[in-house]
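Commentary on secondary and tertiary structure
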Amino acid sequence: MKLIALLVIMTTLTGCVATYRDFPVEALGKKPAAGTCDVMHYSVKKFDILDSGGHRKLQDYFRDTPLCKSMVPVDEMPAKGLYLEVETKWKPLSMPALIFGYLSISTLTLLPAWSTQDGYLVKYNLYQDGQKKETYRYDITRKGGIWLGLLPFVWLNAFTYSEEDAFAATASQFSADARPLLAR
């Protein structure tokens, strides 16, 4: 049984070509200017589904990027001060993608499956002294296919946007969009 599970996982991982779209690509790689606010508390909520590095990328971004002079990770919203809550909701697969995905996995990817609509909705909720000031929303769409016939083309993944790229771009765009509120 373990051998079959390992075979399914290895085949799935190696016969998959995917990319991410509909996120603010222009913000990818932009370094935000250092903020003038003193302290920002932040919390990156756990994803409600497995992720491929997006959660860790968001945590690293806010830990390493000086949106304010001091960035403090917290579990709860503080009563006073600036607080950022990052929420991620999964946009599920379409029904045909789910059915074909199941059939593909069941046949060890001998049958193809694809998806063009799943992804994430990322919300950045900004609070001041416990009061919500603004919510910034960004969409991320994943497009991909899985099939044994894609094995020779998995190298294409090195040239497409990853989940980490998509989440880093939303964080960078949030930094630019929220700049007026962070300059206090």
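These lines cover the structure that appears in this document, whether it is placed above or below. Numbering of residues begins from 1 in every chain and follows the order in which that chain's sequence is written. In keeping with the model being predicted, local features are shown solely for residues with a pLDDT of at least 70 and side-chain atom pairs are shown and tallied solely at 80 or more, while totals for entire chains, interfaces and linings include all residues. Computation of side-chain values: all heavy atoms of the structure, hydrogens and water removed.

Section: the state of the cysteines
The rule for a disulfide is simple: a pair of cysteine sulfur atoms within 2.5 Å. Under the criterion given, the structure shown has one disulfide. A sulfur-sulfur separation of 1.8 Å characterises the disulfide bridge that pairs Cys37 with Cys68. Handedness here is read from the sign of the S-S torsion; for Cys37 and Cys68, about -85°, the answer is left-handed. With Cys37 in the loop between strand S1 (16-21) and strand S2 (39-44) and Cys68 in the loop between helix H2 (54-64) and strand S3 (70-73), this pair connects stretches of sequence that are 31 residues apart. Three exposure classes are used, based on accessible area relative to the maximum for each residue type with a 1.4 Å probe and protein chains only: buried under 20%, partly exposed in between, and exposed over 50%. Owing to a relative accessible area of 5%, Cys37 belongs among the buried residues under this scheme. Given a relative accessible area of 1%, Cys68 falls into the buried group. Numbering goes from the N terminus for both helices and strands, where a helix is a DSSP run of H or I of at least four residues and a strand is a run of E of at least two.

Notes on H2
What H2 keeps buried is the set Gly54, His55, Leu58, Tyr61 and Phe62. When H2 is viewed along its axis, its buried side chains cluster within an angular range of 125° and face the same direction. Whether two residues are in contact is decided by their heavy atoms: any pair within 4.5 Å suffices. Packing partners of the buried residues in H2 comprise S2, S3, strand S4 (82-91), strand S6 (119-128) and helix H4 (163-177). Of all possible arcs, the one meant is that of the directions from the helix axis to the C-beta atoms.

Some points on the pattern of salt bridges
The term salt bridge refers to a pairing of a side-chain nitrogen on Lys or Arg with a carboxyl oxygen on Asp or Glu at a separation within 4 Å. Overall, the coordinates contain eight salt bridges when judged by the stated rule. Between Arg63 and Asp60 there is a salt bridge; the shortest N-O distance is 3.1 Å. Placement of the pair is Arg63 and Asp60 together in helix H2, with a separation of three residues, close to one helical turn. Assessed through its relative accessible area of 22%, Asp60 is described here as partly exposed. Bridged by salt links that share partners, the residues Arg56, Asp60, Arg63, Asp64 and Glu164 form one connected network.

Purely geometric stuff here, so don't read any function into it on its own.
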